[in-house]
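Listed here are the chains, written in short residue letters.
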Amino acid sequence: MDQVNFLKVAIAARTLQLYYHYCHNLVSGPTFMQDHAEFAANYAQAELDYDMIVEYMIATLGNKALDTKALNQVLMEKLSSFKVESMSADKMFEVALKLEKE
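These numbers were taken from a predicted model, which means no experiment stands behind them. (Residues numbered from 1 in each chain as written. Predicted model: local features only at pLDDT ≥ 70, side-chain atom pairs only at ≥ 80, totals over all residues. Heavy atoms only, no water.)

Draft legend 1. Here's a closer look at the overall build of the protein chain. For the protein chain, the count of helices and strands is four helices and zero strands. Overall, the protein chain is about 45 × 25 × 20 Å in size when its C-alpha atoms are taken along their principal axes. Buried positions account for 34% of the 102 residues belonging to the protein chain. Carbon and sulfur atoms form 57% of the exposed surface of the protein chain, whose accessible area is close to 6400 Å². Averaging the coordinates of the 9 positive side-chain charges in the protein chain and doing the same for the 14 negative ones gives two points 8 Å apart. (Helix = DSSP H or I, 4+ residues; strand = E, 2+ residues; numbered from the N terminus. Buried < 20%, exposed > 50% of the residue type's maximum accessible area, 1.4 Å probe, protein only. Areas by Shrake-Rupley, 256 points an atom, 1.4 Å probe, with all protein chains shown as cover. Lys, Arg positive; Asp, Glu negative; His and termini not counted. Charge placed at Lys NZ, Arg CZ, Asp CG, Glu CD.)

Rendered as structure tokens:
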């Protein structure tokens, strides 16, 4: 895999991890405890996935292959398009499924 494709996969994994963490922090409603716990488990797994991808990328291409500034800029643009604070838990999970499919 080349640097561009590694970055795409890393961005997708990190987006999912941060999205799940935002949902974990912001979920509310009658199923709060279950949703809060589910989002926690999901962001923990997504963090492990992201770390594995980045570590493999660095092992394969060297640490200069990971442009953290560019990665974070793309993440901020993508994550700012979600309005997690105004979503119901159902909508949060719906968006998460779309992100996972990506």
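Draft legend 2. Summary view of the nonpolar core. Tyr19, Phe82 and Met92 are the most contacted members of the largest nonpolar core, which totals 16 residues. For this core, the leading source of residues is helix α4 (residues 89–101), giving five residues. Contacts of Tyr19, omitting those with residues within four sequence positions, involve Leu79, Phe82, Val84, Met87, Lys91, Met92, Val95, Ala96 and Leu99. Residues Ile11, Val54, Met57 and Leu71 belong to the second largest nonpolar core, which totals 13 residues. (Core = buried A, V, L, I, M, F, W, Y, C linked by side-chain atoms within 4.5 Å. Contact = heavy atoms within 4.5 Å.)

Draft legend 3. Here's a closer look at the packing of helix α1 (residues 3–26) against helix α3 (residues 68–80). Orientation of α1 relative to α3, taken along the N-to-C sense of each, is 50 degrees, at an axis distance of 10 Å. Classed by the angle they form, the pair α1 and α3 counts as oblique. Crossing geometry of α1 relative to α3 is assigned as right-handed. Note on element contacts: α3 touches α1 through Leu71, Val74, Leu75, Lys78 and Leu79, opposite Leu7, Ala10, Ile11, Arg14, Thr15, Leu18, Tyr19 and Tyr22. Partitioning the contact of α1 with α3 into residue classes produces 10 nonpolar, one polar and two charged. (Axes fitted to C-alpha atoms, helices over the stretch in contact; angles between N-to-C directions. Parallel < 35°, antiparallel > 145°, perpendicular 65-115°, else oblique. Left-handed = near helix turned anticlockwise from the far one by under 90°. Nonpolar A, V, L, I, M, F, W, Y, C, P; charged D, E, K, R; others polar.)

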